[in-house]
Amino acid sequence: QVQLVESGGGLVQTGGALRLSCAASGLTFSVYSLGWFRQAPGKEREFVAAISSGTGSRTTYSDSVKGRFTISRDNANDTLYLQMNSLKPQDTAIYFCAADLTHFPTTRALPYDYWGQGTQVTVSS
């Protein structure tokens, strides 16, 4: 049974930082490209960042987080990370990790095969 479990969310002030983790089990972690998405209240789920399978040599980010967020992966520990710096109130959302059995990361939610339950990030002004 595949499980993706996010952690690391919380309440932080504007300009602060958080590091999200996504622990995976039940799948061959290294062969999956991985992504982070978020969903704010009353809004659709949106793409945040993604990383290719294997060494994670290819990454892609949404324009809204580029330069502030960094996605990375640790295949030895089956864990995905999202380092979030310079946080803004508009970053407030539930953050989800997802796994896609392809090499190249995609920004679209539909291709992802597995999803976590999400972790709440709240940025106060």
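Just above sits the structure.
Residues numbered from 1 in each chain as written. Predicted model: local features only at pLDDT ≥ 70, side-chain atom pairs only at ≥ 80, totals over all residues. Heavy atoms only, no water.

### Here's the deal with the pairing of strand 1 (residues 3-7)
- Burial along strand 1 is one-sided: Leu4 and Glu6 are buried, while Gln3, Val5 and Ser7, pointing the other way, are not.
- Pairing analysis gives 5 bridges linking strand 1 to strand 3 (residues 18-25), with the strands arranged antiparallel. Across the sheet, residue Ser7 finds its bridge partner in strand 3, namely Ser21. (Buried < 20%, exposed > 50% of the residue type's maximum accessible area, 1.4 Å probe, protein only. Helix = DSSP H or I, 4+ residues; strand = E, 2+ residues; numbered from the N terminus. Pairing = 2+ DSSP bridges.)

### With respect to the nonpolar core
- Of all hydrophobic cores here, the largest spans 29 residues; its most connected members are Trp36, Leu80, Leu82, Met84 and Tyr95.
- Of all the secondary structure elements, the ones that give two or more residues to this core are strand 3, strand 4 (33-39), strand 5 (46-51), strand 7 (69-74), strand 8 (79-84), strand 9 (93-100) and strand 11 (119-124).
- The contacts of Tyr95, once residues within four sequence positions are left out, are Glu6, Leu20, Trp36, Phe37, Arg38, Val48, Phe69, Leu82, Met84, Gly118, Thr119 and Val121.
- One finds Phe37, Ala50, Ala98 and Tyr112 within the second-largest nonpolar core, a separate group that totals 5 residues. (Core = buried A, V, L, I, M, F, W, Y, C linked by side-chain atoms within 4.5 Å. Contact = heavy atoms within 4.5 Å.)

### Examining the packing of aromatic side chains
- Going through the model one piece at a time under the given rule, you end up with 5 aromatic pairs.
- Where Phe37 meets Phe47, the ring centres are 5.7 Å apart and the plane angle is 75°; that geometry is what we call edge-to-face. In this pair, Phe37 is assigned in strand 4 and Phe47 in strand 5, connecting sequence segments 10 residues apart.
- When its relative accessible area of 1% is taken as the criterion, Phe37 is described as buried.
- Across from the ring centre of Tyr81, 3.9 Å away, lies the NZ or CZ of Arg19, which sits over that ring.
- Over the ring of Trp115 we find Arg45; its NZ or CZ atom is 4.8 Å from the centre of that ring. (Phe/Tyr/Trp six-rings, centres within 6.5 Å; stacked < 30°, edge-to-face > 60°. Lys NZ or Arg CZ within 6 Å of the ring centre and 35° of its normal.)

### Focus on the sheet that holds strand 7
- With respect to topology, 4 strands assemble into an open sheet ordered 1-3-8-7, the strand pairing being antiparallel. At either margin of the open sheet sits one strand with a lone partner, and together these are strand 1 and strand 7. With strand direction ignored, the average angle separating the axes of adjacent strands in the sheet is 15°.
- Sheet topology note: the strand 7/strand 8 ladder contains 6 bridges and is antiparallel. Bridge assignment links Asp74 to a residue of strand 8, and that residue is Thr79. (Axes fitted to C-alpha atoms, helices over the stretch in contact; angles between N-to-C directions.)

### Focus: the state of the cysteines
- All chains considered together, the criterion is met by 1 disulfide.
- The disulfide partner of Cys22 is Cys97, and the gap between their sulfur atoms is 2.0 Å. Measuring handedness by torsion sign, the sulfur bridge of Cys22 and Cys97 sits at about 55° and is right-handed. One end of the pair, Cys22, is in strand 3; the other, Cys97, is in strand 9, with 75 residues separating them in the sequence. Each of the two residues, Cys22 as well as Cys97, counts as buried. (Disulfide = S-S within 2.5 Å.)

### Points about the environment of Pro105
- Relative to the assigned elements, Pro105 resides in the loop between strand 9 and strand 10 (114-115).
- Put simply, Pro105 and Leu20 are 85 residues apart on the chain and 19 Å apart in space, counted from C-alpha to C-alpha.
- Apart from residues no more than four positions distant in its own chain, Pro105 is found in contact with Ser33, Ala50, Ile51, Ser52, Arg58 and Thr60.

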